[in-house]
Amino acid sequence: MSTVAHASTTDAATPKKKDRGGPWLSLLAWVVGLLFVLPVVWMVLTSFHSEADAATNPPAVFAPLTLDGYREFFSGGASPWPPLLNSLTASVVSTIVVLLLSLPAAYALSIKPVRKWTDTLFFFLSTKMLPVVAGLLPLYLFAQYAGLLDNIWLLILFYTSMNLPIAVWMMRSFLSEVPVEMLEAAQMDGANLIKTLRSVIAPVVTPGIAATALICFIFSWNELLFARVLTATVAETAPVFLTSFVTSQGLFLAQLCAAAFVVSLPVLTAGFAAQDKLVQGLSLGSVK
Amino acid sequence: MTSVAEKSRVGTAGTPPPGTARRASAWVRRAPLLPALIFMIIVTQLPFVATLVISFMDWNAYYPDERGFAGFDNFVRVFTDVNMRDAVWTTILLTAGVVLISLLLGLGIALLLDRKFRGRGAVRTMMIAPFLVVPVAAALIWKHALYNPEYGLFNGALTWFWGLFGSDNPPQPDWISNMPLWAVIFSLVWQWTPFMMLILLAGLQGRPLDVIEAARIDGANSWQIFRSMTLPHLRQYLELGALLGSIYIVQNFDAVFTITSGGLGTANLPYTIYQIFYQAHDYGRASAAAVIVVIGTIIIATFALRTVSSLFREESGR
């Protein structure tokens, strides 16, 4: 303890941050971080245990590792591949459509703004506040009428509308970063629209597009309610497939953890790879 | 509103040409916006019109012959339904509980991570992990791998901990049955604290450090600096986190559906409406409930939007 106090007094003398109890706060940060990641670590560890070792009390942390859980998940009952591929299709296609629609819209709300652009922007945000469950029934009845039930394109349509407001807000905030002077300079030099887009706007906005795509992909991949109501055996997505684990089925914990890990893996990978983009995206581009 | 628009982009807008040319140029400006706008109007506004119409109809898929006009019957049934009133209350508790707790935890952790220490990046990465688990998967893990009274990790840890002191009689509570709503809230707090932490950490790192340094040299202590400088600076980030968190958590379906299946007093509004529609197939009543929820949301959202637009004005005023 005495060394800690000593260190802090010397720190205070320099204009650096004063840190009384610094090591203890660092330790606390580590403990909190470990507590938060523990369920994820436990999920991964359990997925590599045998079913018997997974269901012990107290927990068998050092039990031998096995791939049985994964084997059972991939080839035990119904194959998870069609749902995983459906999720991938729905997420990727809807993200592309969202980008194609939101980029020009954001351009018309920032670079060359229409009149009342703030009202338009807030209209987009307000659709995000309306409870999705209220639109569930009409969409279901429409799908039934049009023969689109259990069709992945219906989900793509819905995911596009779910993410479009977020994307418009994000893209607008990124586009408004483009310095006015640069646009004017390009105009003076006689650059046409395409050239301005390519040489002035694209370099500033490309990271924003990546952040937007990441968020839209994650939200579409995670969605459960609509996928559950609007799909059945053909267009079933991965989260719907997971709901078969809601009721307990004897010794199934290792298999459940394997399933949860496999389905979360794309989001975990994308999210960790683009941590800084995550913040921008979640705050609709307002935090950079 | 328009004054903000003109102020912020006056440089590129230039002076609008008069007459028909002006109208044409207005349409040129509008054109890129139209696909997205029309798409949103068709996909989000039309269904609500349909919901409104159906809410005045007798329509139950189990009795297809009795379809017809019902007047306000559905609304009366929704308002007199005890389950609906409970659902409103549950939704408020669930949303407020998750948002407040995760915001406070997120603030604490953001302050811890705003310091330089060994492994800061690693701790940050660990903190983000819960948010990157698919919500259904996370709810399943909490339900079966953590809360389960026989082999869940929580009771397993209790057994192990009691065993350290030589006791073979550890408490083994049935977490979900004993405190169902809190079980749902905790699992959601676990997922949403990283979200709040990330936004607040970004806010902390945008603080004007020179001013804080000056205050410190003038002899202000850490608590004074936090109270009178950090917290006011963080206000808009706290509001942003609360608002976005509320938007998502008010609509939560996954955790309620997975952990308790809406039982034990945890059915929130989305789950209740889902049940009326998906299990009872009472389309009229589900629509009436949806209309009431939409009206309630509009009232609350008006306040929320006012908050965002005030933040927004600060931003464009910069």
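Rules of the game
- Residues numbered from 1 in each chain as written.
- Chains lettered and ligands numbered in written order.
- Predicted model: local features only at pLDDT ≥ 70, side-chain atom pairs only at ≥ 80, totals over all residues.
- UniProt positions renumbered as here; feature names shortened; annotations may be inferred.
- Helix = DSSP H or I, 4+ residues; strand = E, 2+ residues; numbered from the N terminus.
- Contact = placed C-beta atoms within 7 Å.
- Nonpolar A, V, L, I, M, F, W, Y, C, P; charged D, E, K, R; others polar.
- Domains from an automatic or database assignment.
- Core = buried A, V, L, I, M, F, W, Y, C linked by C-beta atoms within 7 Å.
- Buried ≥ 20, exposed ≤ 12 C-beta atoms within 10 Å, placed from the backbone.
- Axes fitted to C-alpha atoms, helices over the stretch in contact; angles between N-to-C directions.
- Parallel < 35°, antiparallel > 145°, perpendicular 65-115°, else oblique.
- Left-handed = near helix turned anticlockwise from the far one by under 90°.
- pLDDT = per-residue confidence, 0-100.

Asker: Lay out the UniProt feature "domain: ABC transmembrane type-1" (unreviewed entry) in chain B with the relevant residues and their values.
Answerer: When the UniProt feature table is mapped onto this chain numbering, "domain: ABC transmembrane type-1" (unreviewed entry) sits at residues 88-304 of chain B. Helix makes up 76% of residues 88-304 of chain B and strand 0%, with an end-to-end C-alpha separation of 19 Å.

Asker: Describe the UniProt feature "transmembrane region" (unreviewed entry) in chain B, listing the residues and the values that go with them.
Answerer: All names here are of chain B. Cross-referencing UniProt, the feature "transmembrane region" (unreviewed entry) maps to residues 33-57, 87-113, 125-142, 181-204 and 283-305 in the present numbering. Note that residues 87-113 is 100% helix and 0% strand, and that its end C-alpha atoms are spaced 38 Å apart. Secondary structure across residues 181-204 divides into 100% helix and 0% strand, with the first and last C-alpha atoms of the span separated by 32 Å.

Asker: If you had to explain the interface of chain A and chain B to someone new, which residues and values would you point to?
Answerer: Taken together, the 92 residues of chain A in the interface contact 89 residues of chain B. No other element matches helix H2 (residues 22-47) of chain A, which puts 15 residues into the side of chain A that touches chain B. Looking at side-chain class alone, the side of chain A that touches chain B contains 64 nonpolar, 20 polar and 8 charged residues.

Asker: Before we move on, could you go through the UniProt feature "transmembrane region" (unreviewed entry) in chain A and cite the residues and values that matter?
Answerer: The feature "transmembrane region" (unreviewed entry), as given by UniProt, occupies residues 24-45, 88-109, 121-146, 152-175, 196-221 and 252-274 of chain A in the numbering adopted here. Overall, residues 196-221 of chain A shows 100% helix and 0% strand. The separation of its end C-alpha atoms is 35 Å.

Asker: Before we move on, can you summarise the domain arrangement of chain A with the specific residues and values?
Answerer: Each assigned domain of chain A is listed here: domain 1 (2-75) and domain 2 (81-245 + 267-282). Its C-alpha centre places domain 1 of chain A at a distance of 35 Å from the equivalent point of domain 2 of chain A.

Asker: Account for the UniProt feature "domain: ABC transmembrane type-1" (unreviewed entry) in chain A, with residues named and values stated.
Answerer: As annotated in UniProt, the feature "domain: ABC transmembrane type-1" (unreviewed entry) corresponds to residues 84-274 of chain A in the numbering used here. Within residues 84-274 of chain A, the helical portion is 78% and the strand portion 0%, while the C-alpha atoms at the span's ends are 22 Å from each other.

Asker: Now, about the nonpolar core: what can you tell me, with residues and values included?
Answerer: Residues and elements named next belong to chain A. Core analysis: the largest hydrophobic core is formed by 173 residues, its most contacted members being Leu155 and Ala260. Per element, the largest residue contribution to this core is 17 residues, and it comes from helix H8 (residues 152-175). Per-domain counts for this core show at least three residues from each of domain 1 (2-75) and domain 2 (81-245 + 267-282). When residues no more than four places from it in sequence are discounted, the contact partners of Leu155 are Ala90, Phe226, Ala227, Leu230, Thr231 and Ala235.

Asker: If you had to explain the packing of H2(A) against helix H5 (residues 82-113) of chain B to someone new, which residues and values would you point to?
Answerer: Where H2(A) meets H5(B), the axes come as close as 9 Å, and the angle between the chain directions of the two elements is 130°. Here H2(A) lies oblique to H5(B), going by the angle between them. For the element pair H2(A) and H5(B), the recorded crossing hand is left-handed. Side by side, H2(A) and H5(B) meet where Leu25(A), Leu28(A), Ala29(A) and Val32(A) of the first sit next to Ile109(B), Leu112(B) and Leu113(B) of the second. In terms of residue class, the contact of H2(A) with H5(B) is made up of 7 nonpolar, no polar and no charged.

Asker: An account of the environment of Ser187(B) is requested, with residue identities and associated values reported.
Answerer: Residue and element names in this part refer to chain B. Topologically, Ser187 is positioned in helix H10 (residues 180-205). When the 26 C-beta atoms within 10 Å are taken as the criterion, Ser187 is described as buried. The spatial distance from the C-alpha of Ser187 to the C-alpha of Arg235 is 26 Å, given a sequence separation of 48 residues. Those residues in contact with Ser187 that sit more than four places away from it in its chain are Ala138, Ala139, Trp142, Ala255 and Ile259.

Asker: Any details on the confidence of the model for chain A? Residues and values, ideally.
Answerer: Overall, the predicted model of chain A reaches an average pLDDT of 81, with 91% of residues at or above 70. Within the model, the stretch residues 1-18 of chain A combines pLDDT values under 50 with 11 contacts to residues more than four positions away or in other chains.

Asker: I'd love a proper account of the environment of Pro135(B), names of residues and values included.
Answerer: Residue and element names in this part refer to chain B. Along the chain, Pro135 falls in helix H7 (residues 135-146). In this structure Pro135 comes out as buried when scored by C-beta crowding, with 25 C-beta atoms within 10 Å. Along the primary structure Pro135 and Tyr147 are separated by 12 residues, whereas in three dimensions their C-alpha atoms are 16 Å apart.

Asker: Go over the packing of helix H10 (residues 193-222) of chain A against helix H14 (residues 275-282) of chain A, please, and point to the residues and values.
Answerer: To characterise two packed helices, one gives the angle between the axes of the helices and the distance between these axes. Residues and elements named next belong to chain A. The contact between H10 and H14 brings their axes to 8 Å, and the two run at 80°. It follows that H10 is roughly perpendicular to H14 by the angle criterion. When H10 is examined against H14, the residues Ala210, Ala211, Thr212, Leu214 and Ile215 are found in contact with a partner set consisting of Lys277, Leu278, Gln280, Gly281 and Leu282. Of the residues contributing to the contact of H10 with H14, the split by class is 6 nonpolar, 3 polar and 1 charged.

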